[in-house]
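Structural features, examined
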Amino acid sequence: MADARQRYARPLDLDLGTSYEANPQNLLPSRASRTALCLWLPTFELRLELVRSPGLDTTSVALLSTEGGARRTVWQVSERASEAGVRPGQLVSQAVSLCPSLTLLEPDPSHYDAAEDTLLEVLSELTPVVEPAGRGRVFLGMDGLGRLYGSPPNQVLRVIRALFRVLPGPLVAATRAGFAPGKFGAWVAAAGARPGEPMIVPEAGLCTFLARQPVTALPVEEATLDRLERLGVRTLGDLLRFPAPALVGQFGEEGGRARAWASGERIDAVRPWHRPRPVRVALDFSTPIGQVETLHGALDRLLERALARPERRGRSVAALRVVGRLEGGGSWMVDAVLRDPIASREPLAFVLRSRMGLLPPPRAVEALAVELFRFGPPSSQSSLFDRKDALGRPEEGRDLSDGEVPHSLRSAVRELKLRLGHSPLYRVVEVDPLSRIPERRHALLSFDP
Amino acid sequence: MRDGRKDGCARATRLKPLGSPRGARVLVDDAGAPVAVVVVGKRSSRAKRVTAIRERWRIDDEWWRHPLSREYVTVVLEDGRSLTLYLDRVEGGWWVQGEEG
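Every value quoted in this text rests on a predicted model; they were computed, and no experiment measured them.

The next subject is the overall build of chain A. Of regular secondary structure, chain A possesses 17 helices and 16 strands. Carbon and sulfur atoms make up 52% of the accessible area of chain A, which amounts to about 22,600 Å² in all.

Pasting the structure below:
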């Protein structure tokens, strides 16, 4: 049972809003696909490292977690290391004591992201419905592809062949593939498949297939799985012995969802994934930089450049990252997802500096890049007049003195100037307010506080 | 003449007129009252029928340097919008000076 839990250890994020009952009469939103192919490359990142250093393939290897600090843990382990007792999440000191010959590798997140991007790019040539679910796992919508590629096994074969074109052979050879109605069925099939032997679950066989699967396959809370196991529920078929009201009574909504997945009533469609083109700016240092203050200065300059790039098209920034190429190889990356999208440099720099404080680069940095990869709505004009002080606190109930420019408006103009090269705002000034000729009463004067 | 877009100082001090008139093509009846209007430069160049005339007035000014004589009329169009037009009695031609709704 522990092995089964290990196999499904990575949570499956099924969006609760995308469920479609098995009734084919229910219409799917346009481009969503009911038939799903799940491709899973377990320990994707470690395998990429082994491809890069083939000499390590037969040794005990562990990839370190991206979190720095004194108590670093192991993220992924090779089979040899696993046989020696090394487990993901263990402290490095524990892992080394269990396996003295263990080779520890620093993670290189930008390398992994590049490989993932390549993977998604080639898959999107085969089907327009591609939905990534974390590095190394992707769902493909296969509705209607039978006419192009033939039977389901041929469709899977076509996809795997496409992977061989862009990814190293050993990596593709380790890929597991599951083809089934809905994302849950496809994921369970992929998790149970052997590398090179895709598991195809036909529509009619979905319920029978799911009934045999361990209950740990369900994307539910760990505590729910523990309770189910204590109740003697081992497989999804066991779960179906309980009526839905009893499961809802015991586990709340999650119990109802679990039953719907187990019975095949709930089908989660694959939805096309849209990723806006990121805005990326980079800076190469002539000598590697280890000083935090210098990195902060570089970060400010990079943010200014990124915000001024025309491809941002006035959108606010919802998520961004700093990527550093480390001295001696490898990379370091810090992501920040903002609660409210922002379009000005200072708050963005503050967020990134805070994240860098928590996860500093482990070594000196040779090159630094800022990437804006998720965007919010364009900064609306109303926010220009939404008065806030320098710390971002709303200023209400106080009238502006004559000629005073609110801080929020001043920073908005600064930002617009960065982007456009000049201030596009104007102040309305009286010229001859009593003139009988309308166009002579007022005029616009460039506003640049 | 220097391009204001490349010269921040020129831009900062230059005034842009507000409410400048735009050209219009106006069909009038025998009495000279507008019956249909096409605003020049609008994306839709379809003529809009005038359903009502709200107000008319006339301005004669600056006779001592460049004589200016305008006959203003505020009309209501078929789509409900209100438009203020004038006929330039010196240079000729119809112009739109204001738009509501």
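What follows concerns the overall build of chain B. In terms of helices and strands, chain B carries 1 helix and 7 strands. In sequence order, chain B lays out its α and β elements as α-β-β-β-β-β-β-β. Across the 101 residues of chain B, 35% fall into the buried class. Contacts in chain B between residues at least 24 apart in sequence constitute 31% of all its contacts with a sequence separation of at least 6. Total accessible area on chain B is roughly 6,800 Å²; 51% of this is exposed by carbon and sulfur atoms.

Moving on: the pattern of salt bridges. Residues and elements named next belong to chain A. A complete count under the given rule lists 30 salt bridges over all chains for this structure. For the salt bridge of Arg34 with Glu203, the shortest nitrogen-to-oxygen distance reads 2.9 Å. Taken together, the residues span a long stretch of sequence, with Arg34 in the loop between β1 (19–21) and β2 (35–40) and Glu203 in the loop between β9 (199–200) and α10 (206–211) at a distance of 169 residues. In this structure Glu203 comes out as partly exposed when scored by relative accessible area, which is 48%. Salt bridges sharing common partners tie together Arg280, Arg321, Asp335 and Glu371.

Below, the discussion takes up the side chain of A:Ser263. Residues and elements named next belong to chain A. Residue placement: Ser263 occurs in helix α14 (residues 253–263). Among the polar contacts listed, one links the side chain of Ser263 to the backbone oxygen of Ala260, at a separation of 3.2 Å. Non-local contacts of Ser263, meaning those with residues more than four positions away in its chain, are made with Cys207 and Leu240.

This brings us to the confidence of the model for chain A. When pLDDT is averaged along chain A, the result is 82; 87% of the residues meet or exceed 70. Note that residues 1–7 of chain A has pLDDT below 50 and, in this model, 13 contacts with residues that lie over four places away or in other chains.

Residues and elements named next belong to chain A. Tracing the backbone through its elements, the reader meets Thr127 in the loop between α5 (109–123) and β6 (130–132). Note: C-alpha distance between Thr127 and Gly144 (17 residues apart in sequence) is 9.6 Å. Every residue in contact with Thr127, bar those within four places of it in the chain, is listed here: Leu140, Gly141 and Leu145. A distance of 3.1 Å separates the side chain of Thr127 from the backbone nitrogen of Val129, its partner in a polar contact. Separated by 2.8 Å, the side chain of Thr127 and the backbone oxygen of Gly141 make a polar contact.

All names here are of chain A. Among the nonpolar cores identified, the biggest contains 34 residues, and Leu37, Leu39, Leu123, Val138, Leu140 and Val159 are the most heavily contacted of them. Elements with a contribution of two residues or more to this core: β2, α2 (44–52), β3 (61–64), α5, β7 (137–141), α7 (152–166), α8 (169–173) and β8 (176–181). Among the elements that line this core, the one with the most residues is α5, at 6 residues. When residues no more than four places from it in sequence are discounted, the contact partners of Val159 are Leu37, Leu39, Leu123, Leu126, Leu140 and Met142. Leu218, Val233, Ala258 and Ala262 belong to the second largest nonpolar core, which has 33 residues in total.

Right, let's talk about the sheet that holds strand β4 (residues 74–77) of chain A for a bit. All names here are of chain A. Overall, mixed pairing links the 3 strands, which are arranged β4-β3-β5 in an open sheet. Single-partner strands in this sheet number two, and they are β4 and β5 (103–105). Within this sheet the neighbouring strands show an average axis-to-axis angle of 30 degrees, counted without direction. In the sheet, β3 pairs with β5 via 3 bridges, with the strands oriented parallel.

In this section: the sheet that holds strand β14 (residues 365–378) of chain A. Residues and elements named next belong to chain A. If you trace the 4 strands from one edge of the open sheet to the other, you get β11-β14-β12-β13, paired in antiparallel fashion. Edge positions in the open sheet fall to β11 (279–289) and β13 (331–342), since each of these has one partner strand only. Put simply, the sheet's adjacent strands are angled 15 degrees from each other on average, direction ignored. Where β11 and β14 come together, 7 bridges link them in antiparallel fashion. Bridged to Ala282 within β14 is Ala369. Strands in contact with helix α15 (residues 292–308) are β11, β12 (315–326) and β14; relative to β11, the strand with the most contacts, it is inclined by about 155 degrees.

So, on to the packing of helix α13 (residues 244–251) of chain A against α14(A). Two numbers describe a pair of packed helices, the interaxial angle and the distance between the axes. Residues and elements named next belong to chain A. Two elements in contact, α13 and α14, have axes whose closest approach is 6 Å; the angle formed by their N-to-C orientations is 140 degrees. When the interaxial angle is binned, α13 and α14 end up oblique. The handedness of the crossing between α13 and α14 is right-handed. Contacts between α13 and α14 pair Ala244, Leu247, Val248 and Phe251 from the former with Glu253, Glu254, Gly255, Gly256 and Arg259 from the latter. Residues that form the contact of α13 with α14 fall into these classes: 4 nonpolar, 2 polar and 3 charged.

With that settled, the discussion passes to the packing of aromatic side chains. Here the structure, examined in full by the defined rule, presents 6 aromatic pairs over all chains. Judged by centre distance (5.0 Å) and plane angle (75 degrees), the rings of A:Trp40 and A:Trp187 are edge-to-face. Taken together, the positions of A:Trp40 in strand β2 and A:Trp187 in helix α9 (residues 183–192) put the pair 147 residues apart, joining distant regions of the chain. Considered together, A:Trp40 and A:Trp187 belong to a single accessibility category, that of buried residues. Judged by centre distance (4.9 Å) and plane angle (0 degrees), the ring pair of B:Trp57 and B:Tyr72 falls under stacked. Residue B:Trp57 is located in strand β4 (residues 48–61), and its partner B:Tyr72 is located in strand β5 (residues 68–77); the two are separated by 15 residues in the primary sequence. Accessibility expressed as a relative area gives 32% for B:Trp57, which makes it partly exposed. A relative accessible area of 2% places B:Tyr72 in the buried class.

In this section: the interface of chain A and chain B. The partner chain B presents 22 residues to the 14 residues of chain A that form the contact. Overall, the association of chain A and chain B removes approximately 1,500 Å² of surface from exposure, summing both partners, and the carbon and sulfur fraction of that is 56%. The largest per-residue losses of area from chain A upon contact with chain B belong to A:Arg436, A:Glu439 and A:Leu444, which jointly make up 38% of the total buried on that side. Along the contact surface separating chain A from chain B lie 2 salt bridges. Note that A:Glu439 is salt-bridged to B:Arg70, the shortest N-O span being 2.7 Å.

Residues and elements named next belong to chain A. At Thr43, a position not held by glycine, the phi torsion is positive, near 45 degrees. Looking at where Thr43 falls in the secondary structure, it is placed in the loop between β2 and α2. Given a relative accessible area of 26%, Thr43 falls into the partly exposed group.

Quick notes on the rules
- Residues numbered from 1 in each chain as written.
- Chains lettered and ligands numbered in written order.
- Predicted model: local features only at pLDDT ≥ 70, side-chain atom pairs only at ≥ 80, totals over all residues.
- Heavy atoms only, no water.
- Helix = DSSP H or I, 4+ residues; strand = E, 2+ residues; numbered from the N terminus.
- Areas by Shrake-Rupley, 256 points an atom, 1.4 Å probe, with all protein chains shown as cover.
- Buried < 20%, exposed > 50% of the residue type's maximum accessible area, 1.4 Å probe, protein only.
- Contact = heavy atoms within 4.5 Å.
- Salt bridge = Lys/Arg side-chain N within 4 Å of Asp/Glu carboxyl O.
- Polar contact = N/O pair within 3.5 Å; in protein donor to acceptor, adjacent residues only side chain to side chain.
- pLDDT = per-residue confidence, 0-100.
- Core = buried A, V, L, I, M, F, W, Y, C linked by side-chain atoms within 4.5 Å.
- Pairing = 2+ DSSP bridges.
- Axes fitted to C-alpha atoms, helices over the stretch in contact; angles between N-to-C directions.
- Parallel < 35°, antiparallel > 145°, perpendicular 65-115°, else oblique.
- Left-handed = near helix turned anticlockwise from the far one by under 90°.
- Nonpolar A, V, L, I, M, F, W, Y, C, P; charged D, E, K, R; others polar.
- Phe/Tyr/Trp six-rings, centres within 6.5 Å; stacked < 30°, edge-to-face > 60°.
- Buried area = accessible area lost by both parts, 1.4 Å probe.

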